[in-house]
Amino acid sequence: MFIYDLVAIMFIGMSHVLLYIQLIRYDRLSYMMVFVLSIVFTILLGIVVTVTGYPELNMMMLLFLLSLGLLKDKLTLTQNVYFALVSMVLITLVKLVLMELGIKLFMLSPLNLYIWTGSVIHLLVSMIIFISIILWRKSIQRLAQYIVDSPLYYISYVLLIVGLIVGLILTTPSTALLSSLHEQYGQASYIVAFILFFLLLLIVLIGSHLTKERLVEEHEERLEKAHRDYVEKLELLHDELASFRHDYMNVLLALGEGVRTKNIEQIEQVYEDVIAPTSTLIDNHELDIVKLSRIAIPEVKSVLIVKLFSAQQQQVNVMIDIPETIEDVAMPMIDFIRAMTIVVDNALEEAIQSEEKVVQFAFFEMEERQYFIIRNSCMHETMDLQKIYEKRYSSKKENEGYGLFSLKRLIDKTPNATLETEFVAPYFTQTLILKK
């Protein structure tokens, strides 16, 4: 019985820390470090509570979470307290509700009641809470960010403070004041705890729904902007082609006149003054960008056209190879666009600074796999491929090394995606492979 409760307390301690870390988006601690810290602190806290005989000292976990929040940059005191309260109160209320539900269901079952039954239910509930936090960690991060920026923030703040007080009363406290409140309002506190649980659950559900709506709106705004840029670039390309066509009509007329009169000097002059300079346009593959029309995904095509056309305007030699029509991608669209944007942006930024100024892009399907390949010239003679995906590692000014770090995390969470990186001076190649 004791071992079940001990393990359950360990899981609850880890749940508090893990939930708090996800809420404040602090990713400098590895999961192993989080587990070790939470287990050590939970053991120390258990010893303190046992020795002193004051169960209410469990609330010292709140101070521990607040101290972790000091490690996070740009986290205000009010937000730190808020997220610590969310972790403390929400897990406490969920545990309370699930324990009550578990015991009620067990009493309705034909199973025999043993002295260790409550401890086993305690352990199962703690494991469910812990596993749920791990499975929903990404959703938790998005929801936390939305609630802090919404009117729900202030409402939930008040509910969490009330929940903390109720939690203290329900711990069977030893201090005179809390003990008196427990005796007088213990039963009422259970009712309040259940009400708070359902109110906070309602806020979470509303916040989750509004978060999804906001993400959709932001996605649509990005697509609309990309579409506007796409149309502008097409119009610019059309104007350039129209000018090119007009100039060449005049060239043909001049050549025709020279041929008709057999004026070799006129023909040579037209060639030297008009035809020869256009080789630069042809060599730069200005019209290669039309190949992007083989991508039948508006979001992807718009982003690529804007970025690659912009690169061409900065004298980057862009070469595109899309042998067949691409109708879909084997990855969530938002994630693919994020990954694609990071890869393309890094390639273009590096190519612009290099001497060769070359970017080669390919997108094709083969053997149930999609290959998104981009190869660019670099200004570096050597590159440590083990470090480029580390957070804050960058060759840019102001240490802006977040793009490839984010890309690595994005690929790691996508089961059917792999990223291959190669550097053979002076060219850097990244290959995103999606298994269909």
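Now for a description of the structure that goes with this document.

As a further point, take the overall build of the chain. Across its full length, the chain holds 13 helices and five strands. Taken across its 436 residues, the chain has 39% of its residues classed as buried. Residue pairs at least 24 apart in sequence account for 71% of intrachain contacts in the chain once pairs closer than 6 positions are excluded. Per element, the accessible surface of the chain, about 25,000 Å² overall, is 63% carbon and sulfur.

Here the structure, examined in full by the defined rule, presents one cavity of 30 Å³ or more. Considered as a void within the structure, the largest cavity measures approximately 30 Å³ in volume. Taken together, Met59, Met88, Val89, Thr92, Gly163, Leu164 and Gly167 make up the full set of residues lining the largest cavity. Within the residue set of the lining of the largest cavity, elements represented by two or more residues are helix 4 (77-108) and helix 7 (152-169). Class assignment for the residues of the lining of the largest cavity results in four nonpolar, three polar and no charged.

So, about the sheet that holds strand 2 (residues 358-366). Sheet strands line up and pair through hydrogen bonds in the backbone, either parallel or antiparallel. Overall, mixed pairing links the five strands, which are arranged 1-2-3-5-4 in an open sheet. Whereas interior strands pair on both sides, the edge strands pair on one side only; in this sheet they are strand 1 (317-321) and strand 4 (417-424). Neighbouring strand axes in the sheet, compared pairwise and without regard to direction, differ in orientation by 10° on average. The pairing of strand 2 with strand 3 (residues 369-377) spans eight bridges and is antiparallel. Bridge pairing links Gln360 to Arg375 in strand 3. Against the sheet, helix 11 (residues 298-313) touches strand 1, strand 2 and strand 3, its axis set at about 145° to strand 1.

Below, the discussion takes up the nonpolar core. The biggest cluster of nonpolar side chains holds 61 residues, and the ones touching the most others in it are Tyr20, Tyr82 and Phe83. Sorting the residues of this core by element identifies helix 1 (2-24), helix 2 (31-52), helix 3 (60-69), helix 4, helix 5 (117-135), helix 6 (137-148), helix 7 and helix 8 (176-261) as the ones contributing at least two each. Tallying contributions element by element places helix 4 first for this core, with 13 residues. Dropping the residues within four chain positions of it, Tyr82 is found in contact with Ile147, Val148, Tyr153, Ser156, Tyr157 and Leu160. In this structure, Ile326, Val359, Leu410 and Ala417 belong to the second largest nonpolar core, which totals 42 residues.

Estimated volume of the second largest pocket: approximately 1,200 Å³. Lining the second largest pocket are 36 residues; nearest its centre among them are Ile9, Asn58, Lys95, His122 and Thr171. Going through the elements one at a time, helix 1, helix 2, helix 4 and helix 7 are the ones with two or more residues in the lining of the second largest pocket. Counting residues per element, the lining of the second largest pocket draws most heavily on helix 4, which supplies nine residues. The residue makeup of the lining of the second largest pocket, split by class, is 21 nonpolar, twelve polar and three charged.

It is worth spelling out the packing of helix 4 against helix 7 at this point. Running from N to C, helix 4 and helix 7 cross one another at 55°; their axes reach a closest spacing of 9 Å. Taken together, the axes of helix 4 and helix 7 lie oblique to each other. Helix 4 and helix 7 meet at a crossing whose hand is left-handed. Residues Thr78, Gln79, Val81, Tyr82, Leu85, Val86 and Val89 of helix 4 form the contact with helix 7, whose own contacting residues are Tyr153, Ser156, Tyr157, Leu160, Ile161, Gly163 and Leu164. Counted by class, the contact of helix 4 with helix 7 contains ten nonpolar, four polar and no charged residues.

For Lys408, the location among the structural elements is in helix 13 (residues 403-412). You can call Lys408 partly exposed: its relative accessible area is 36%.

Here we come to the pattern of salt bridges. Should the charged atoms of two oppositely charged side chains come close, the side chains can pair. Counted under the stated rule, the structure contains four salt bridges. A salt bridge links Asp345 to Lys307; the shortest N-O distance between them is 2.9 Å. Pair noted here: Asp345 is in helix 12 (residues 333-353) and Lys307 is in helix 11, with a separation of 38 residues, a long-range link. Under the relative-accessibility criterion, Asp345 is labelled partly exposed at 25%. Glu365 is the partner of Lys436 in a salt bridge, and the nearest nitrogen-oxygen pair spans 3.5 Å. In this pair, Lys436 sits in the segment after strand 5 (427-435) while Glu365 sits in strand 2, placing the two residues 71 residues apart along the sequence. Here the salt bridges share partners, and the residues they tie into one network are Asp328, Glu365 and Lys436.

Conventions and cut-offs
Residues numbered from 1 in each chain as written. Predicted model: local features only at pLDDT ≥ 70, side-chain atom pairs only at ≥ 80, totals over all residues. Heavy atoms only, no water. Helix = DSSP H or I, 4+ residues; strand = E, 2+ residues; numbered from the N terminus. Buried < 20%, exposed > 50% of the residue type's maximum accessible area, 1.4 Å probe, protein only. Contact = heavy atoms within 4.5 Å. Areas by Shrake-Rupley, 256 points an atom, 1.4 Å probe, with all protein chains shown as cover. 1 Å grid on protein atoms, 1.4 Å probe; cavity = no way out; pocket = protein on both sides within 12 Å on 5 of 7 lines; lining within 4 Å. Points joined across faces, edges and corners; volume = space filled by probe spheres on them. Nonpolar A, V, L, I, M, F, W, Y, C, P; charged D, E, K, R; others polar. Pairing = 2+ DSSP bridges. Axes fitted to C-alpha atoms, helices over the stretch in contact; angles between N-to-C directions. Core = buried A, V, L, I, M, F, W, Y, C linked by side-chain atoms within 4.5 Å. Parallel < 35°, antiparallel > 145°, perpendicular 65-115°, else oblique. Left-handed = near helix turned anticlockwise from the far one by under 90°. Salt bridge = Lys/Arg side-chain N within 4 Å of Asp/Glu carboxyl O.

So far we have only geometry, and geometry alone does not tell us how the molecule works.
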